[in-house]
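As a plain string of letters, each chain reads:
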Amino acid sequence: MRSLSIALCCVACGGELQASNADDSGVGDTQAVGPEAGPTSVPRDALVWLESDQGLSGGGVVFRWKDQSGSNNDATSDAPTRPILVANGLHGIAVVGFDGNAYLSLPSGFSDFTKGLSAFVVVKAGTAPHPSNLAARVFDLAPSFGTLTDSILYVRYWPNGQDLLMYQVYAGGSPGPNVGAANAFTDGAWQELAVIAPGGDAGTSVNASLYKGGMPVATSSVLVPNLATRQSNFIGKSNLSADPLFVGEIAALILFKRALQPSERLAMDDYLKRKWAF
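Read on for a plain summary of the structure.

Reading the values: rules and limits
- Residues numbered from 1 in each chain as written.
- Predicted model: local features only at pLDDT ≥ 70, side-chain atom pairs only at ≥ 80, totals over all residues.
- Heavy atoms only, no water.
- Salt bridge = Lys/Arg side-chain N within 4 Å of Asp/Glu carboxyl O.
- Buried < 20%, exposed > 50% of the residue type's maximum accessible area, 1.4 Å probe, protein only.
- Helix = DSSP H or I, 4+ residues; strand = E, 2+ residues; numbered from the N terminus.
- Pairing = 2+ DSSP bridges.
- Phe/Tyr/Trp six-rings, centres within 6.5 Å; stacked < 30°, edge-to-face > 60°.
- Lys, Arg positive; Asp, Glu negative; His and termini not counted.
- Contact = heavy atoms within 4.5 Å.
- Polar contact = N/O pair within 3.5 Å; in protein donor to acceptor, adjacent residues only side chain to side chain.
- Core = buried A, V, L, I, M, F, W, Y, C linked by side-chain atoms within 4.5 Å.

Describing the pattern of salt bridges
Move 1: The tally for this structure, following the rule as stated, stands at twelve salt bridges.
Move 2: Between Asp163 and Arg156 there is a salt bridge; the shortest N-O distance is 2.7 Å. The same class applies to Asp163 as to Arg156, namely buried.
Move 3: In this structure, Glu264 engages Arg258 in a salt bridge whose closest nitrogen and oxygen atoms are separated by 2.8 Å. Each member of the pair, Glu264 together with Arg258, is buried.
Move 4: One continuous salt-bridge network, built from bridges that share partners, spans Asp45, Arg258 and Glu264.

Right, here's the structure in full:
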């Protein structure tokens, strides 16, 4: 049997929250994190690799979530909209809590997805108001705030009473087609959600697929994102002020700027399920 313990260092000293494992003999070992923790078949070229068992800085709230990909795409926050540090979120490991008033920001960049896009999130959606025809973001990548021009959206969307997981790309100021899966979010339950969108020339149509727990739940046409420097990039927040903020908890968010091969997607799915045991 393994038990899980949490060690929290002083934020003022630059400390980070880290998880460690201890077996019944009382001998502890540091838990592997990031791409190095996976089997050799897990791809190592992520653009963003956030897992909450390492890299969280904060005391009660999250100041910074350190990117483990090597791309320096740390997620950060400012008062008073900092996410909550949920100390015993998943199997005793701290996770990032979004209470409908919090979000994280990512650095500028995210310009070229002509080789495709793949994203994985380990999430527990919270019960939240369902404002008709508005969308709470898992992530929103856009050149500027206040507009969806050339944005890349991965959202929980409530059109006309439905509850959808949706991926959509805007071409300039025009919304492209979207791929959506009804009832993909299960409130109060940990789950893995993913999207795989092939690459191509910017603005061309490709068939993207959504996955829940490693199983395909929807496939439809979307656009390859335009080449653009995206400077307004959020986890849990929209670039439109009318949209609600995300409610729930996130243990992992991993983004690639290419479409993973089927074997790579399966390896990621296996890695996340084994590591987070949901």
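Description of the pairing of strand 9 (residues 93-99)
Move 1: The buried count for strand 9 comes to six of seven residues, which makes it a mostly enclosed element.
Move 2: Bridging between strand 8 (residues 84-90) and strand 9 involves four bridges; their strand directions are antiparallel. By the bridge assignment for strand 9, Val86 is matched with Val95.
Move 3: What sits between strand 8 and strand 9 in their antiparallel hairpin is a turn of two residues, with His91 showing a positive phi close to 55°.

Quick word on the packing of aromatic side chains
Move 1: If you walk through the whole model with that rule in mind, you get seven aromatic pairs.
Move 2: Ring plane angle 90° and centroid distance 6.2 Å describe the contact between Phe145 and Phe234, whose orientation is recorded as edge-to-face. Placement of Phe145 in the loop between strand 12 (135-142) and strand 13 (152-157) and of Phe234 in strand 19 (residues 232-235) is noted, with a sequence separation of 89 residues between them.
Move 3: The rings of Trp49, Phe120, Phe256 and Tyr271 are connected pair by pair, giving a single aromatic cluster.

Focus on the side chain of Glu192
Move 1: On the secondary structure map, Glu192 appears in strand 16 (residues 190-198).
Move 2: Buried charge Glu192 goes without a salt bridge, the closest partner of opposite sign being Lys273 at 5.0 Å.
Move 3: Each residue touching Glu192, except ones within four places of it in the same chain, is listed here: Phe120, Val121, Tyr211, Lys212, Gly213, Gly214, Asp269, Leu272, Lys273 and Phe278.

What about the side chain of Ser151?
Move 1: Here Ser151 is to be found in the loop between strand 12 and strand 13.
Move 2: Engagement of the side chain of Ser151 in a polar contact is seen with the backbone oxygen of Leu148, the distance being 2.7 Å.
Move 3: When near neighbours in sequence (up to four residues on either side) are disregarded, Ser151 contacts Asp140, Leu141, Ala142, Gln168, Val169 and Tyr170.

Structural notes on the nonpolar core
Move 1: By size, the foremost hydrophobic cluster in this structure holds 49 residues, and its most contacted members are Phe139, Tyr154, Tyr167, Leu210, Ile235 and Leu255.
Move 2: Broken down by element, the residue count for this core peaks at five residues, all from strand 11 (residues 116-125).
Move 3: Counting residues in hydrophobic clusters, the runner-up holds 24 residues, among them Leu90, Ala194, Phe256 and Leu260.

By themselves these figures say nothing about function.
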